[in-house]
Amino acid sequence: MAKIHILDEHIANQIAAGEVVERPASVVKELVENAIDAGSTKIVVTVEEGGLQSIRITDNGSGIDPEDCETAFYRHATSKIMFGRDLFHITSLGFRGEALASIAAVSKVELITSSRDDGLGSRLVIEGGKLIVKEDTASSRGTDFVVRELFYNTPARLKYMKTIQTELGHISDYMYRIALSHPGIGITFRHNDNTLLQTLGNGDLLQVIAAIYGTQAAKAMLPIQTEDLDFNIQGFISRPEWTRSNRNAISIIVNGRYIRNYGLNQAILRAYHTLLPINRYPMGILALNMHPSLVDVNVHPAKLEVRFSKEAELYPFVEQAVHAVLRQEVLIPQPVKTNIGSSDSSFIQEQFRFSKAPSVIDHSDANRADSNHTNKLEQGIANPLVVSKDGVANRPIGNDSVREASAQGYYAKGTTNGLSAPSYRNSQTVNPVMTQELFAQASSGISEIPPFPELTLIGQHHGTYLIAQNEKGLYLIDQHAAHERINYEFYYEQFGQPADASQELLIPITLEFTPSESEQLKQKLNWFEQVGVFLEHFGGQTFLVRSHPYWFPKGDEQGIIEEMVEWVLGERTIDLAKLREKSSVMCSCKASIKANQKLTNLESDALLERLAACKQPYTCPHGRPIVVSFTTYDLEKLFKRVM
Ligand code: ADP
Ligand code: MG
């Protein structure tokens, strides 16, 4: 008996559905694409419970003829291509003829459609791929497609569905991209009873950007429009000072299709190059148009990725186009900048700056080999200097702390020549042991963390490592890692008791989110209160930060809050402890001196002093070692003085 047979159509469709219909958002995507291909000028998308209960797409497009209605649900049934050669000239969003068959195989579908203007149409009901009803019905021109109980007959797939919020997130994300790709189509998107998006369909892309990302974002946009023989590019990119904490706000649209493409993303980021702070990303909606023969869309089941035949020309074209717009912008600065960076908060921080009497500072100035970089140091670290009950120890290190250290008499006369440099210890008994061992103990978390060894500074290597010694040996200290640890412990402490440290801002920071993010955020405002950030829903997609802790690293406040919002909305397992932890790491990173920064002896000494006072002075918040050491015996072995 033959062992190999052809699967029946029903199973084949279920298998295909596994590829095409991954989650509710895929259904929305396929059906909206069909509506667009049908020439619709208005599309209404209504989903219930993240699309798991129902998805309804209503359009005013061409509709489907009665004799085609059933065929449309067969596998590989399409009106969009005919011959093999058509595959190389795709001008529609769909072409595989797989979507309806796949969707109908794993859900309960109801279709009402009409291709005529006389009010007559057809109605079909299909459940799990089986035709249940086919009849004439009254219908205006266009198509109304309802998908209920997705994956009701494929429990394994259903089990993988995430929360309603997550599924809604995927759908919203797609709806936003579609609206950005087709500003000429009036798109309404509803979830349960909320309208999450409504575009006019008047072709004004900037209005769509405002509807999705908020008016502040729209105001920060620069138009872009260029073409060469092969490509045409148009859209908007954000001014360099408008940044986001992730790259999700870059949308690339190729011949009307939203796609993901690493190379194009990189080309855009390269164009911004030095204009953006680290880990900040621009926003951009770039519609690329080219001859269909230059792009192969038949490479990805969901058609989210494409292949360009002139990739080598396309990437530089995009990079240069973006770069040209930015260069112009940088050369001709805008008189009115968007309110990023919140000058008001710096005002408040100024008030809380700890300052010492100038006379105290002055006598240590002789030790400042390079006063320029102390400024940098100050910017990088500075702000959270408060006189706290614990005194010096829990404050992040910075120029002011150097001053304070000097005020406390650590830098008695003679320190400048390095001969009688002070030594550092924390208050416990000093018991120098090899740091490798200490590191191992500390990172194993088993034993109690031993006190930091007493060290005397020798100098600094390549603006990166401090060199120190004691009677046991030689120590190298990664200054950036050390600084991060010091700041981390400061911020962790602060995040644990933030309420009274919050400062009312004169001018609140305005944050805008997409409609679906806003919906979620409204439910989660109490999270922020608990870490001292008072966010208030202002209306629509706008939120105001009325106050935040004054010790937030200066200039980074907005970015920090945005990133916190991202965690709270994006991570399913976030809890308060984790938020506190992650926020502390982020703040310490932002506030810390980097490698390749020359420190004066005074600053190096202060850094060691603070490090010694840390609860865990051996690893940075990311788990990397701070100190490595060689015993005198190790050195003797290296030089073969002992065998
Ligand atoms: P494809 O889009 O790849 O052609 P689908 O399975 O998505 O395949 O759809 C099959 C066919 O059904 C389409 O080619 C189109 O002719 C018809 N169709 C689907 N949805 C609509 C719609 N909203 N309006 C008009 N025709 C539609
Ligand atoms: Mg389709």
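Just so we're clear, the structure is a prediction, and the values are computed from it rather than from any experiment. (Residues numbered from 1 in each chain as written. Chains lettered and ligands numbered in written order. Predicted model: local features only at pLDDT ≥ 70, side-chain atom pairs only at ≥ 80, totals over all residues. Heavy atoms only, no water.)

A. Structural detail: the overall build of the chain. For the chain, the count of helices and strands is 21 helices and 23 strands. Relative to its full complement of 643 residues, the chain shows a buried share of 52%. About 29,700 Å² of surface is accessible on the chain, with carbon and sulfur atoms providing 53% of the total. (Helix = DSSP H or I, 4+ residues; strand = E, 2+ residues; numbered from the N terminus. Buried < 20%, exposed > 50% of the residue type's maximum accessible area, 1.4 Å probe, protein only. Areas by Shrake-Rupley, 256 points an atom, 1.4 Å probe, with all protein chains shown as cover.)

B. Representation of empty space enclosed by the protein within the structure. Applying the stated criterion to the full structure yields 2 cavities of 30 Å³ or more. By volume, the second largest cavity is sized at about 40 Å³. Around the second largest cavity, the lining residues are Lys-29, Glu-33, Leu-93, Tyr-174, Ile-178, Gly-256, Arg-257, Tyr-258 and Leu-304. For the lining of the second largest cavity, a count of residues per class yields 5 nonpolar, 1 polar and 3 charged. Inspection of the lining of the second largest cavity shows a minimum of three residues originating in each of domain 1 (9–201) and domain 2 (206–328). (1 Å grid on protein atoms, 1.4 Å probe; cavity = no way out; pocket = protein on both sides within 12 Å on 5 of 7 lines; lining within 4 Å. Points joined across faces, edges and corners; volume = space filled by probe spheres on them. Nonpolar A, V, L, I, M, F, W, Y, C, P; charged D, E, K, R; others polar. Domains from an automatic or database assignment.)

C. Seen up close, the environment of Tyr-475. When you line up the elements, Tyr-475 lands in strand E19 (residues 473–478). When its relative accessible area of 0% is taken as the criterion, Tyr-475 is described as buried. Taking the C-alpha atoms as reference, Tyr-475 lies 5.8 Å from Val-628; in sequence the two are 153 residues apart. Here the side chain of Tyr-475 touches Asn-470 through a polar contact of 3.2 Å, side chain to side chain. (Polar contact = N/O pair within 3.5 Å; in protein donor to acceptor, adjacent residues only side chain to side chain.)

D. Local environment of the sheet that holds strand E10 (residues 231–238). The strand order E9-E10-E13-E11-E12 describes an open sheet built from 5 strands, whose pairing is mixed. Every other strand in the sheet has two partners, leaving strand E9 (221–227) and strand E12 (257–259) as the edge strands with one partner each. In this sheet, neighbouring strand axes are inclined to one another by 20° on average, regardless of whether the strands run parallel or antiparallel. Examined bridge by bridge, E10 and strand E13 (residues 284–290) share 7 bridges and lie antiparallel to one another. Considered in E13, the bridge of Phe-231 is made with Met-290. Packed on one face of the sheet, helix H5 (residues 164–181) meets strand E11 (250–254), E12 and E13 and runs near 55° to E11. Most of the contacts of helix H6 (residues 205–213) go to E10, to which it runs at about 40°, and overall it touches E9, E10, E11 and E13. (Pairing = 2+ DSSP bridges. Axes fitted to C-alpha atoms, helices over the stretch in contact; angles between N-to-C directions. Contact = heavy atoms within 4.5 Å.)

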